[in-house]
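Per-entry structural report
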Amino acid sequence: MRVFASMTSIKNAQLAILLLTLWAGTARAESIQGTVLEDHSGAPVPAASVTVKTIAGETLKEMETDRSGNFAVADLPAGVYEISITKANYSTLNARMTAGSAVTRVLRLIKYGVISGRITLPQARGTVVAIEKVAEYQLPRSFSGMINAAGEFRIFGIPPGHYVLAAPFLSANTIPGVARGMALYPSSAKPREFEIAGGEQYEVADFVVQPVGRSTISGKISSPAGPQIYTLTIVHSDYPSIRVQLTLTASDGTFKLDNFYPGTYELYASGPVQPPSFFAHIHLELNSQDVENLDIRLQPGRAVEFVLPPNGKPPLPACSPDGSITLQSLGFWPLVRDQKITAHIGPQPGPTRIENVGPTPFVVSVQSTTGNCTGVTDRLLDMTDKVPPARMITGFEPPGVIYGAAPGASVIVLRDVTPGRQSPVRAEFTNSSEFHFDAVPPGQYCVTTRVADDAILRWTPESRCGNPIVELAPGESKGL
Amino acid sequence: MTRLLAVLVFASTLFGQTNTLTTMGSVSGRVLDSDTRRPISGIRVISSQNRDNSVSVTTDREGRYVFPTLLPGKHSIDVYDGSLAGISMTATQVATVIAGRATQVDFHTRHLSQVSGRVLDEDGNPMSGIQVSAIKKEYLGYAGTDLRRWTAGDAQITASGTAATTDDQGRYLLRNLAAGRQYWIAARIPRTYTKPVSDAPVGPDARKRILTPTFYPNANSIDTATAVVPHSQELLNDVDIRMLKTNAYCLEATLTDSGAPATMSFLLVEKSISNTNVPANLPGSQMTGPDGRIRLCDLYPGEFQLVAARLSTGSLDSLGSIDFTITNKDVRDIRVAAIPRSTVSSELVWDKQSIEPSSQPLQVRTYPATVTQSSARGMGIPGTITLDVVPGFSYVLAFPGLDARFYVKDVSYGGSKILHQPFVPRAGDAKLRITIGTDAGSLTATVLTNNGQPSAATAVIVVPAASQTDSEVAATFRAGVTDENGSFTQSGLPPGKYDVFAAIDPGPNRIGRAQMMLIDPTPEAMARIRRTRAHGKNVEVTSSGMTSVSLSPILMD
């Protein structure tokens, strides 16, 4: 069994299958038993889906946990298996378990959080949004709940992370008198931070949005293309994924928008309408004052090139020497082209040139066409800079590895805590105190070690991670 | 000084009022639910004398509305529903305003309702992420703006379009349901296949049990489920569904296009949820693997249809389908061959040779549409039109834009009569021949109450005597509402015998233009028409004739 456990580090899956097949005929039947508990409460989780796969990926058995959260798989050839546990409203757990030990292992599922309450708004219609707190230039996740006729809302299914609560006044067109903007709970100046570590249920008492002075903004958009209809998008500066306005100007490029709630906003203008070739970006600080006669002159978009290093070879045989680049706009641009631009890169030599990119910060990701290799590049492409980079170099790297030894521990838990990302929790049950997580994409990780069958100690500490966060670079192999 | 000014202002107001009272009249009334007679509050009532002169008010908690100052003359008083999805008229009456007089116009109508509840598992635990929808049963077909329905076959099961997903407490809320009609509330897991070839274990015993579509309260089909009938503005609470589980079985199939396995779209239709024709754009369809292979392993014992198609923008290039039943084992080696689209030539002719060519173009449409018919292609009569179809599929024919003086007298395909029947094209060059009748008659019904007063806003239902089954009734009945004189005229009727009656409550309906009434073609509504027609009058509409009949309103059975 020990010999087989170390097989997990061998990347040749076919060999593993072969060995497994050979063993299946001769080895005595072994079993895997587990109890699935809610991480934060320790309560059993009934009716969770359990899938048992070989390391090579073949599904052997599917079942559900019973009323006490228990499951058992008998008649397995000895070896290591990947157990996947899923249930609506919980983080998926992928655990490596060894068949043969008679112990019933405790597996803990992280329950998603809930924020509910009641809102008092001038126009209490629409949604309340929990927006993830992220570092600058990261794309936050957001989760929303509809406001019902009584003003009540309930946002559920919020995965671990830090959030603020916002009441966005969204307006797709110029309805007079309807507020535009965003208010945070309990006040935009001092928003409360909600931490979700698992199973939290926050009750927000009275989310009151005070009627305050509103701003009107007006002006004219012009470009070398001459007077015509232009598109205007306004997003909240701190939460650019919340769009507060999307509208078109009059046919001579003039616009007038009223009822803006106090706050800081980014105004993006583009045109001609389809396809956009001229752009502008303006920062607005609104505090009940009117902004009149804005003169917005659009400039042509700028080009950016992506190039693979010369003689670059794919890092893994499975990874193709070509891939795709995705530029995801941090500002919520009006037209799809500028929210998300994708382009193909490689394998032919020479740069991939993307023309006419608008002035917004973009998050860059590069992925190989086949295999699971990630591009190494600057994560941020800031086209709002006076002189944005004209060329970016990228190269593919394989997924990373996090390994190490944790004396005394028998379960090691790896959680992806990269803001904006939602990945299954991974766990490895070990008898040797050694652990090895392969195929780990670059990002931030929390590694915790636990006594496997401890039914009390949670896998998710109250704070985000008990240990220092592990930063994993593309292709990195990190020993702890 | 101030006091004097106040008196002056008061005086002028008083004079203004008097003046108004002598030249204006008022209209008021109540809007009540047809089924419960409870007031319908907060809905819009619009009075209009002409296009430029309309006033909008909202009913109060007692369902009352008032237009205090209207110009004398005839006003249309229209009641609208309050759906966010779109506003539509639910009732209309004409009020005659007389200067200095108050006119009362009451409405009995139906408005939108809501249904809420929880979805629970076998042990009573709440289930999150379950899709809940309201299922309805109707005689379907083409229900175009001209209300000429061509239904085919039995009443069919279809989702109403309103759906919700349960929250973390298992709760759902369905909005915008029509009042006074039956719905079956269904809970199910949305079937999305991220992998066309499932890696579920080979043996059914090694698979987990799966949730099957479950109808309120705990049934696997609408036949054994309990229907709910929400009333106007009602929130029907505690419609809790306890979900059923069964063993999971796999379907293994290969999809072919022009004889060769290929990557194409597939759609799995669960017959317990929907047994209608699939729409042309196959909503919810997914892609097979490169070899046309699929393996779907979340199937429960029941009836299914597997549709294979190649879709391009706006059209179905090829289509094939197979029905299959899951019992207690996997279904393997299914092959679905998609057949390329072809055309059928359709000839439009008058029933008499002597008629001059019609200036008004007529359209012939198939439902479902094989090719997106974005622009209406009209044609003269006589003439020829080419229809895009897939051989072997069942279509309903529709004729939007047919002049009210004419009617579809006969439809034949390859020499066989198919009037009021589904159109199933075959490979080959059989032609469709559509004969337009020119001798349509009209029927004018005057509805009077027992004391001889005209009965306004009353439904008049006309059913051909030859239509006997509910399906035939659904395909051929016509309905309208009487005007302020208690009169309604139905034109475009093929000569023959008809049963006609006036009904106080025809069931859930919509009012269209020109006094047309679209009664929801539910099995219960058709059964009520079938039972009530015997109490009406039997009349003959002669060739190009104008028949009149006097009726008194009756309660439908």
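Residues numbered from 1 in each chain as written. Chains lettered and ligands numbered in written order. Predicted model: local features only at pLDDT ≥ 70, side-chain atom pairs only at ≥ 80, totals over all residues. Heavy atoms only, no water.

Remarks on the overall build of chain A
Regarding its fold elements, chain A presents 3 helices and 39 strands. The buried share among the 480 residues of chain A stands at 51%. Long-range contacts, defined as pairs at least 24 residues apart, comprise 66% of the intrachain contacts of chain A with a sequence gap of at least 6. Split by element, the accessible area of chain A, about 21100 Å² in all, is 54% carbon and sulfur. (Helix = DSSP H or I, 4+ residues; strand = E, 2+ residues; numbered from the N terminus. Buried < 20%, exposed > 50% of the residue type's maximum accessible area, 1.4 Å probe, protein only. Contact = heavy atoms within 4.5 Å. Areas by Shrake-Rupley, 256 points an atom, 1.4 Å probe, with all protein chains shown as cover.)

Here's the deal with the state of the cysteines
Residue and element names in this part refer to chain A. For the structure on display, the rule yields 3 disulfides over all chains. Disulfide pairing is shown between Cys 319 and Cys 373; the S-S distance is 1.9 Å. Handedness here is read from the sign of the S-S torsion; for Cys 319 and Cys 373, about 85°, the answer is right-handed. Remark: Cys 373 occurs in the loop between strand 28 (361–368) and strand 29 (374–376) and Cys 319 occurs in the loop between strand 24 (302–307) and strand 25 (323–329); sequence separation between them is 54 residues. Cys 373 carries the same exposure label as Cys 319, and that label is buried. Between the sulfur of Cys 446 and that of Cys 465 lies a disulfide, 2.0 Å long from S to S. Measuring the twist about the S-S bond at about 85°, one finds the Cys 446-Cys 465 disulfide to be right-handed. Separated by 19 residues along the polypeptide, Cys 446 in strand 37 (residues 443–450) and Cys 465 in the loop between strand 37 and strand 38 (470–472) bring together distant segments of the chain. (Disulfide = S-S within 2.5 Å.)

Some thoughts on the sheet that holds strand 39 (residues 477–479) of chain A
All names here are of chain A. Strand order in the open sheet made by the 3 strands is 36-33-39, with mixed pairing throughout. Either end of the sheet is taken by a strand with one partner, and the two such strands are strand 36 (434–440) and strand 39. Within this sheet the neighbouring strands show an average axis-to-axis angle of 10°, counted without direction. Inspection of the sheet shows strand 33 (residues 400–405) paired to strand 36 by 5 bridges, in the antiparallel sense. Bridge assignment links Gly 404 to a residue of strand 36, and that residue is Phe 435. (Pairing = 2+ DSSP bridges. Axes fitted to C-alpha atoms, helices over the stretch in contact; angles between N-to-C directions.)

Quick look at the packing of aromatic side chains
Residues and elements named next belong to chain A. As enumerated under the stated definition, the model contains 14 aromatic pairs over all chains in all. On the numbers, 5.7 Å between centres and 70° between planes, the contact of Phe 260 with Tyr 265 is edge-to-face. A network of ring pairs unites the aromatic residues Tyr 185, Phe 194, Tyr 202 and Phe 207 as a single cluster. (Phe/Tyr/Trp six-rings, centres within 6.5 Å; stacked < 30°, edge-to-face > 60°.)

Concerning the environment of Leu 381 of chain A
Residue and element names in this part refer to chain A. As for its placement among the helices and strands, Leu 381 is situated in strand 30 (residues 380–382). Residue class for Leu 381 comes out buried when judged on its relative accessible area of 0%. Contacts of Leu 381, omitting those with residues within four sequence positions, involve Val 304, Leu 327, Thr 360, Pro 361, Phe 362, Val 364, Pro 389 and Met 392.

Structural notes on the interface of chain B and chain A
One widely used convention gives an interface's size as the accessible area the parts lose upon coming together. Of the residues lining the interface, 19 residues belong to chain B; the matching set on chain A comes to 19 residues. Between chain B and chain A, roughly 1500 Å² of surface is buried when both sides are summed, and carbon and sulfur atoms account for 42% of that area. For Asp 168 of chain B, the salt bridge identified is with Arg 154 of chain A, shortest N-O distance 2.6 Å. At the boundary of chain B with chain A, the tally comes to 11 residue pairs in polar contact (both at pLDDT 80 or more). In the side of chain B that touches chain A, the residues fall into 4 nonpolar, 4 polar and 11 charged. (Buried area = accessible area lost by both parts, 1.4 Å probe. Salt bridge = Lys/Arg side-chain N within 4 Å of Asp/Glu carboxyl O. Polar contact = N/O pair within 3.5 Å; in protein donor to acceptor, adjacent residues only side chain to side chain. Nonpolar A, V, L, I, M, F, W, Y, C, P; charged D, E, K, R; others polar.)

What about the confidence of the model for chain B?
Residues and elements named next belong to chain B. When the pLDDT values of chain B are averaged, the result is 86; 89% of them are 70 or greater. Across residues 1–19 the pLDDT falls below 50, and counting only partners more than four positions away or on other chains, this stretch makes 0 contacts in the model. In the predicted structure, residues 142–148 sits below a pLDDT of 50 and forms 20 contacts with residues beyond four places in sequence or in another chain. (pLDDT = per-residue confidence, 0-100.)

Topic: the sheet that holds strand 4 (residues 70–76) of chain A
Residue and element names in this part refer to chain A. Strand order across the open sheet formed by 3 strands is 4-1-7, with mixed pairing between neighbours. Strands at the two margins of the open sheet, each flanked by one partner only, are strand 4 and strand 7 (104–109). Between one strand and the next, the sheet's axes are offset by a mean angle of 25°, whatever the strand orientation. Where strand 1 (residues 30–38) and strand 4 come together, 5 bridges link them in antiparallel fashion.

Notes on the side chain of Asp 168 of chain B
By the secondary structure assignment, Asp 168 of chain B is in the loop between strand 11 (156–165) and strand 12 (171–177). Side-chain polar atoms of Asp 168 of chain B contact the side chain of Arg 154 of chain A, separated by 2.6 Å. Filtering out sequence-adjacent residues up to four positions away, Asp 168 of chain B remains in contact with Asn 89, Val 114, Arg 154 and Phe 156 of chain A together with Ser 128 of chain B.

Focus on the pairing of strand 24 (residues 302–312) of chain B
Regular strands have side chains that alternate between both faces of the sheet. Residues and elements named next belong to chain B. Inspection of the sheet shows strand 21 (residues 265–270) paired to strand 24 by 6 bridges, in the antiparallel sense. By the bridge assignment for strand 24, Val 269 is matched with Gln 305. Sheet topology places strand 24 next to strand 25 (residues 315–326); 11 bridges connect them, and they run antiparallel. Residue pairing across strands places Val 307 opposite Ser 321, the latter belonging to strand 25.

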